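Okay, here's what each chain looks like letter by letter:
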Amino acid sequence: MKVYLDNSATTAMAPEVVDAMLPYFSEEIGNAQSVHSFGQRAKSAVEKARRQVATLINAAPTEIVFVSGGTESDNFAIRGIAEAQGHRGHHIITTKIEHPAVLATCEALERAGFRVTYLPVSRRGLVDVEDLGRAITDQTILVSVMLANNETGSVQPIEMIAGVVAEARGRGLDGLRLHTDAVQAVAKIPVDVKSLGVDLLSLSAHKFHGPKGIGALYVRKGTRLAKLLHGGHHERDRRAGTENVPAIVGLGKAAQLAFEQFDDRSARMREIRDYLERQVKSLIPNVTVNGDQERRVPNISNMSFEGVDGESLLIALDLKGIAVSTGSACASGSLEPSHVLQALGLTREEVRGSLRFSLSPFTTRDEIDYAVSTLGETVARLREMAPLEDLEAPQFS
Amino acid sequence: MYTPQVAEHIANPRNVGELDNPSGVGDVTNEVCFDRIKLTVRVEGEMLVDARVKASGCPPTIAAASVLTELIIGRSIADLHTLTRKDVTEALGHLPPAKTHCAVLAIDALRTAISGYKQG
């Protein structure tokens, strides 16, 4: 049995998305910038997708810029504001638990002379809004806080942060902008740019059953943003480069499906995720759930298994056809354990024993049953093998 | 990133456990990552006749501990003093460069367990 529980890494494309894209590889070949009818049909497909994405996040279509994915979207937002607002100040505020696409961009700006404040988070993984308010100075031009964390699923209080940012603007900091990396949040929780109160929002298609290599940046009307990619006048002169028409069509279709099926999908993911956690807790002793359990996306569960190494668990589960991920050191070639779980204040042992299960609306109870029983056997075997005497071994026949 | 041999030892670790009244014990911990290997051996005459191992930590540590028992059971003490981390690494196919310390830990466990038996 193959069970894919790593949907925060990437998802399978929905069949409807594949069908929508296919004509744009070989029949509808136009360049959306061309004046002839081939080009105009491509253009109309791109604009339809723009409306679909805009609808999903309650934006205007003109506020959507297509980019190559979440990483470019984050880079574009942060560098774009740094360059456009740099004359007003050189201070950026973000958090310690951002995705590397944000952290590494901020670090690059530090090398270019910017000052960056990396806010800590609580044990539940949440930013303290008052901390954030105190961090704002007359030099601050950008606040970038992720909407949902990719490792724990914890959802930050962006509306409250937007309130603090609006207040600072009212005091005369009119150049201050708010960006949120919503890559893990879109299609999981309601994401409405107006009620969130953000100026910039990043999303990526392949996290919600769209194709890889395509994403979008929401840029609130009137927001000055420097270009990342220079060239032609594509995307209302915001991002140069021939539009990736098939991928954009795929993103649009994925957004449409996510919008239409939102209630069903999120209820289904939450039900299966809660079932997974109930089963794990009832079958395996010494397990803790990491991060805020209320304020989190419905498809992620991050759990620590005391006394075992997450990567060893991952390898053993993989041999049984089960795909998960881990914040343990060495994962994905990195030697540093998860910066997110460390920022939450987890002990080294808890970080080490952590696994992330990320579900999709298509995950079934049968898959969870197989995964949990295999997990139970594997944890028991690894604990039995460990030279530790004081851990209660779970009972499996 | 890991070889099929490493994965196979994780799935089916060999000679897991502890011997009663062992001739030697090698209980070693990597002070950086806290990976731990506890090896117990039985020596009769010039030969290492049996071994059991317990291990905790990342996949290469568990695999190195497991494959170590296969490399040492039935070998002479003189032979075992010449065993190196390279033998462990080769038995696992390959280890990422940052992970050779796991093979070193396995050899440390062996050296400690047979330290009471002089080199041939």
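Rules and cut-offs
Residues numbered from 1 in each chain as written. Chains lettered and ligands numbered in written order. Predicted model: local features only at pLDDT ≥ 70, side-chain atom pairs only at ≥ 80, totals over all residues. Helix = DSSP H or I, 4+ residues; strand = E, 2+ residues; numbered from the N terminus. Rg over C-alpha atoms; globule rule 2.2 N^0.38 Å. Buried ≥ 20, exposed ≤ 12 C-beta atoms within 10 Å, placed from the backbone. Contact = placed C-beta atoms within 7 Å. Expected span 1.5 Å × (residues − 1). Nonpolar A, V, L, I, M, F, W, Y, C, P; charged D, E, K, R; others polar. Core = buried A, V, L, I, M, F, W, Y, C linked by C-beta atoms within 7 Å. pLDDT = per-residue confidence, 0-100. Pairing = 2+ DSSP bridges. Axes fitted to C-alpha atoms, helices over the stretch in contact; angles between N-to-C directions. Parallel < 35°, antiparallel > 145°, perpendicular 65-115°, else oblique. Right-handed = clockwise from strand over helix to strand, strands pointing away.

## Some words on the overall build of chain B
Helix and strand counts for chain B come out as five helices and four strands. Ordered by position in the sequence, the α and β elements of chain B form the string α-β-β-β-α-β-α-α-α. Its C-alpha atoms give chain B a radius of gyration of 13 Å, near enough to 14 Å, the size a compact globule of 120 residues would have. Referenced to the eigenvectors of the C-alpha coordinate spread, the extents of chain B come out at roughly 40 × 25 × 25 Å.

## Thoughts on the overall build of chain A
Within chain A one finds 15 helices and 12 strands. On C-alpha atoms alone, chain A measures out to a radius of gyration of 22 Å, which is about the 21 Å that the 2.2 N^0.38 rule sets for 397 residues. Overall, chain A is about 70 × 55 × 35 Å in size when its C-alpha atoms are taken along their principal axes. Among the 397 residues that make up chain A, the fraction classed as buried is 52%. Long-range contacts, defined here as pairs at least 24 residues apart, represent 72% of the contacts in chain A between residues at least 6 apart.

## A closer look at helix α10 (residues 245-260) of chain A
Here α10(A) is 16 residues long and its end C-alpha atoms lie 22 Å apart, about the 22 Å a rise of 1.5 Å per residue gives. For α10(A), the tally of buried residues reaches 14 of 16 residues, placing the bulk of the element in the interior.

## Some remarks on the interface of chain A and chain B
Interface size is often expressed as the accessible area that is lost when the parts come together. Facing 14 residues of chain A, the contacting portion of chain B comprises 19 residues. It is helix α12 (residues 310-319) of chain A that provides the largest number of residues to the side of chain A that touches chain B, a total of five residues. Split by residue class, the side of chain A that touches chain B holds 10 nonpolar, two polar and two charged.

## Considering the nonpolar core
When a protein is soluble and globular, its nonpolar side chains tend to lie buried together. A:A216, A:Y218 and A:L251 are the most contacted members of the largest nonpolar core, which totals 89 residues. Per-element tally for this core: the top contributor is α10(A), with nine residues. Not counting chain neighbours up to four residues away, the residues in contact with A:A216 comprise A:V53, A:I64, A:V65, A:F66, A:V67, A:S73, A:L203 and A:L251. Within the second largest apolar cluster, 63 residues are counted, among which are A:V3, A:V372, B:I10 and B:L48.

## Here we look at the confidence of the model for chain B
Scored by pLDDT, chain B has a mean of 93; 98% of the residues are at 70 or more. For this predicted complex, the interface confidence reaches an ipTM of 0.90, while the overall pTM sits at 0.93.

## Section: the environment of A:D131
Mapped onto the elements, A:D131 comes out in helix α6 (residues 129-135). Accessibility expressed as a C-beta count within 10 Å gives 15 for A:D131, which makes it partly exposed.

## Observations regarding the environment of A:T94
Locating A:T94 in the fold gives a position in strand β3 (residues 91-95). Between the C-alpha atoms of A:T94 and A:A135, which are 41 residues apart in sequence, the distance is 10.0 Å.

## Topic: the confidence of the model for chain A
When pLDDT is averaged across chain A, the result is 94; 96% of the residues are at 70 or more. Low pLDDT, under 50, characterises residues 390-397 of chain A; the stretch is placed with 18 contacts to residues that sit more than four places away or in other chains.

## Some points on the sheet that holds β3(A)
Residue and element names in this part refer to chain A. Strand order in the open sheet made by the seven strands is β2-β8-β7-β6-β5-β3-β4, with mixed pairing throughout. In this open sheet, the two strands that pair with only one neighbour each are β2 (64-67) and β4 (115-119). Strand-to-strand twist of the sheet, defined as the mean angle between neighbouring strand axes without regard to direction, takes the value 20 degrees. Alignment of strand β5 (residues 140-144) against strand β6 (residues 177-181), held across three bridges, turns out to be parallel. The residue of β6 that forms the bridge with V143 is L178.

## Brief notes about the sheet that holds strand β9 (residues 287-289) of chain A
By way of backbone hydrogen bonds, the strands of a sheet pair with one another, either parallel or antiparallel. All names here are of chain A. Strand order across the open sheet formed by three strands is β9-β10-β12, with antiparallel pairing between neighbours. Only two strands of the sheet have a single neighbouring strand rather than two, namely β9 and β12 (354-358). For this sheet, the mean inter-axis angle between neighbouring strands, taken without regard to orientation, is 30 degrees. Pairing of strand β10 (residues 300-305) with β12, which is carried by five bridges, proceeds in the antiparallel orientation.

## Brief notes about the packing of helix α1 (residues 4-11) of chain B against helix α2 (residues 59-72) of chain B
Residues and elements named next belong to chain B. One can describe the packing of α1 onto α2 by two numbers: an axis separation of 8 Å at closest approach and a directional angle of 80 degrees. When the axes of α1 and α2 are compared, the pair comes out roughly perpendicular. Across the interface between the two elements, V6, H9 and I10 from α1 touch P59, P60, I62, A63, S66 and V67 from α2. Of the residues contributing to the contact of α1 with α2, the split by class is seven nonpolar, two polar and no charged.

## Here's the deal with the pairing of β3(A)
Residue and element names in this part refer to chain A. In terms of burial, β3 is largely enclosed, as four of its five residues are buried. Bridge count between β3 and β4: five bridges; the pairing is parallel. Looking at the pairing, T94 lines up with Y118 of β4. Once the chain exits β3 it traverses helix α5 (residues 100-111) before rejoining the sheet at β4, and the crossover so formed is right-handed. Where β3 and β5 come together, three bridges link them in parallel fashion. When the sheet's bridge partners are listed, H91 is paired in β5 with T140.

## Focus: helix α5 (residues 100-113) of chain B
Residues and elements named next belong to chain B. Taking 1.5 Å per residue, 14 residues should reach 20 Å; α5 reaches 20 Å between its end C-alpha atoms and fits that length. The set of residues buried in α5 consists of C102, A103, L105, A106, I107, A109, L110 and A113. The elements touched by buried residues of α5 are β1 (24-29), β2 (36-44), α2, α3 (77-80) and α4 (85-91).

## Concerning the pairing of β12(A)
For β12(A), the buried fraction is high: five of the five residues fall into the buried class. Side chains A:S354, A:R356 and A:S358 of β12(A) all project onto a buried face; the interleaved residues A:L355 and A:F357 project onto the opposite face, where all are buried too.

## Overview of the packing of α12(A) against α1(B)
Remark: α12(A) packs on α1(B), axes separated minimally by 9 Å, with the N-to-C direction vectors making an angle of 95 degrees. The orientation of α12(A) with respect to α1(B), classified from their angle, is roughly perpendicular. Listed contacts from α1(B) to A:S312, A:I315, A:A316 and A:L319 of α12(A) are B:A7, B:I10 and B:A11. Looking at the contact of α12(A) with α1(B) residue by residue, the class counts come to six nonpolar, one polar and no charged.

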